[in-house]
Amino acid sequence: MLDGLEFPGCEQVPMSSVQYEASEQHVEFWDEAAGVAMIADSPGLGHEEPRGLLAGVVERIAQERGARIGRFCAVSLLRYDTRGLRRAMEPDECLYLYPDRANLPAGGSLIVGESDPPDVVVEIDHTTDVRRGKLRVYQSWGFPELWVEVPAAEPPTRRRRRLSGLAIYLLNADGEYEPALASRAFPGWQADEIHAAMNELVITEGAGAILRRVGAALGKRDGTGPEDDPLLRAHRQECRAAGRAEGRVEGRTEGRTEGIGEGRLRERVEMVLATLRERRVAMSPGFPCESSLAALAEASTADIVSASMACRDDADFEDLVRG
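Here's a quick rundown of the structure. (Residues numbered from 1 in each chain as written. Predicted model: local features only at pLDDT ≥ 70, side-chain atom pairs only at ≥ 80, totals over all residues. Heavy atoms only, no water.)

Here's the deal with the overall build of the protein
Helices and strands together make up the secondary structure of the protein, namely 10 helices and 12 strands. The 323 residues of the protein split such that 45% are buried. Considering only contacts within the protein whose residues lie at least 6 apart along the sequence, 66% involve residues at least 24 apart. Put simply, the protein shows about 16300 Å² of open surface, and 51% of that area lies on carbon and sulfur atoms. (Helix = DSSP H or I, 4+ residues; strand = E, 2+ residues; numbered from the N terminus. Buried < 20%, exposed > 50% of the residue type's maximum accessible area, 1.4 Å probe, protein only. Contact = heavy atoms within 4.5 Å. Areas by Shrake-Rupley, 256 points an atom, 1.4 Å probe, with all protein chains shown as cover.)

The following block contains the structure:
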């Protein structure tokens, strides 16, 4: 009934359609006609880690690209046969590069032949091996790209013959999967780079440069960039505004030698501006004015810090810093 499909690392259990609908387990594969499901041996929390790390990695790429990437982490892939009976699989993650124009899964289910297939399906093989079962099903369903990640963290139950790494399978013109060294959906992203990004505890400087490269390649293809991402656009606007303000301040402080001296005064102004940026307090374009500069030159460091943390606008700052 299962067409010779094999599911290493899984336990075959009886499962009716009613039981499948009510199941809260992660079902690797379910066949309604046979009334059986394949349930993976539990690897513990480690199974979730690469999937969780992928979220931040994909978000970095989306920001650099300037357009969001759709992620589905809890979705059932369903295929109906001619009798109306279903087969189902539950991947670890599905990625859509153009979620705003795709026919996305609804109600937690993707119906093969009705919903648009994801650009990338991600499988985490901690204790399982999708190559002898699920890989064949994904191929028959025409999914264009599949990533199979064997995490670097090895649970005791993993078979020793499975080396950690990420394998990419791309659907060719004949409808068959071929191994590939790089992603087609994410241009130029190498399999070893994806694996490293999914297993690092934090996004390192080197990994960040790779993610920016991939995001920029996507943006170049689509005519978008970081300025199209609302968060990055706002951040850059704030930085540009702060730079202009600091330039104006430098011009106004230049040559002032009374009190604490020009260099020290400039340091105080930079400290105040940094605090206000962190608090997202919008001061006037002319801040700090001459009277505020005079107050900064005379005030104690404690009073300046206190005013920077409490003020609501220019006048409020000057009142507070003067005590």
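So, the sheet that holds strand S11 (residues 165-171)
Hydrogen bonds between backbone atoms are what pair the strands of a sheet, whose relative direction is either parallel or antiparallel. Taken together, the 6 strands give an open sheet; going across it, the order is S4-S7-S9-S10-S11-S12, and neighbouring strands pair in mixed fashion. Here the strands that pair on one side only, and so sit at the sheet edges, are strand S4 (70-72) and strand S12 (177-180). Ignoring strand direction, the axes of neighbouring strands in this sheet form an average angle of 25 degrees. Pairing analysis gives 6 bridges linking strand S10 (residues 145-150) to S11, with the strands arranged antiparallel. (Pairing = 2+ DSSP bridges. Axes fitted to C-alpha atoms, helices over the stretch in contact; angles between N-to-C directions.)

Things to note about the packing of aromatic side chains
Inspection of every chain in the model, using the stated rule, returns 10 aromatic pairs. Positioned above the aromatic ring of Tyr98, the side-chain terminus of Arg65 is 4.9 Å from the ring centre. The positively charged end of Arg101 is found above the aromatic ring belonging to Tyr98, 4.0 Å away from the centroid. (Phe/Tyr/Trp six-rings, centres within 6.5 Å; stacked < 30°, edge-to-face > 60°. Lys NZ or Arg CZ within 6 Å of the ring centre and 35° of its normal.)

As for the sheet that holds strand S1 (residues 10-14)
Read across the open sheet, the 6 strands follow the order S1-S3-S2-S6-S5-S8; overall the sheet is mixed. Only two strands of the sheet have a single partner each, and these edge strands are S1 and strand S8 (109-111). Going across the sheet, the axis of each strand differs from the next one's by a mean of 20 degrees, ignoring polarity. Pairing geometry for strand S5 (residues 76-80) and strand S6 (residues 86-89), over 4 bridges, is antiparallel. Within S6, the position partnered with Arg79 by the bridge is Arg87. Along the sheet, helix H3 (residues 134-141) contacts strand S2 (27-31), S5 and S6; its crossing angle with S6, the most-contacted strand, is approximately 115 degrees.

Description of helix H10 (residues 314-322)
Think of an α-helix as 3.6 residues a turn; residues three or four steps apart then line up on the same face. Taken together, the buried positions of H10 are Asp316, Phe317, Glu318 and Val321. Residues of H10 that are buried in the fold lie against helix H7 (262-279), helix H8 (290-298) and helix H9 (301-310). Regarding H10, its N-cap is Asp313, as a side-chain oxygen of that residue lies 3.4 Å from the backbone nitrogen of Ala315 further along. Looking one or two residues past H10, Gly323 carries a phi angle of roughly 80 degrees, positive in sign. (Polar contact = N/O pair within 3.5 Å; in protein donor to acceptor, adjacent residues only side chain to side chain.)

What to know about a nonpolar patch on the surface
A surface patch of nonpolar side chains, about 250 Å² in accessible area, is lined by Met271, Val305 and Met309. Tracing the backbone shows Met271 in helix H7. (Patch = residues over 30% accessible without salt bridge, like charges linked within 9 Å, V, L, I, M, F, W, Y side chains within 5 Å. Salt bridge = Lys/Arg side-chain N within 4 Å of Asp/Glu carboxyl O.)

Details of the pattern of salt bridges
Taken as a whole and assessed by the stated rule, the structure comprises 16 salt bridges. Between Glu267 and Arg264 there is a salt bridge, with the nearest N and O atoms lying 3.1 Å from each other. A residue pair is termed a helical-turn pair when its members lie 3 or 4 positions apart in one helix, as Glu267 and Arg264 do in helix H7 at 3 residues. Judged by relative accessible area, which is 45%, Glu267 ranks as partly exposed. Taking the relative accessible area as the measure of exposure, Arg264 reaches 36% and is therefore partly exposed.

Some remarks on the packing of H7 against H8
If you want to describe how two helices pack, look at the angle between their axes and the distance between the axes. Between H7 and H8, the shortest axis-to-axis distance is 10 Å and the interhelical angle comes to 110 degrees. One finds that H7 runs roughly perpendicular with respect to H8. Each of Leu265, Arg268, Val269 and Val272 in H7 lies in contact with H8, whose residues at this interface are Leu293, Leu296 and Ala297. In terms of residue class, the contact of H7 with H8 is built from 6 nonpolar, no polar and 1 charged. (Parallel < 35°, antiparallel > 145°, perpendicular 65-115°, else oblique. Nonpolar A, V, L, I, M, F, W, Y, C, P; charged D, E, K, R; others polar.)

Observations regarding the pairing of S2
Looking along a regular strand, one sees the side chains alternate between the two faces of the sheet. A large share of S2 lies buried, amounting to 5 of its 5 residues. By the bridge criterion, 4 bridges tie S2 to strand S3 (residues 36-40) in an arrangement that is antiparallel. Bridge assignment links Phe29 to a residue of S3, and that residue is Met38. Hairpin connection from S2 to S3: 4 residues lie between these consecutive antiparallel strands, with Gly35 at a positive phi of about 70 degrees. In terms of strand pairing, S2 meets S6 through 3 bridges, oriented antiparallel. Looking at S6, one finds that Asp31 is bridged to Arg87.

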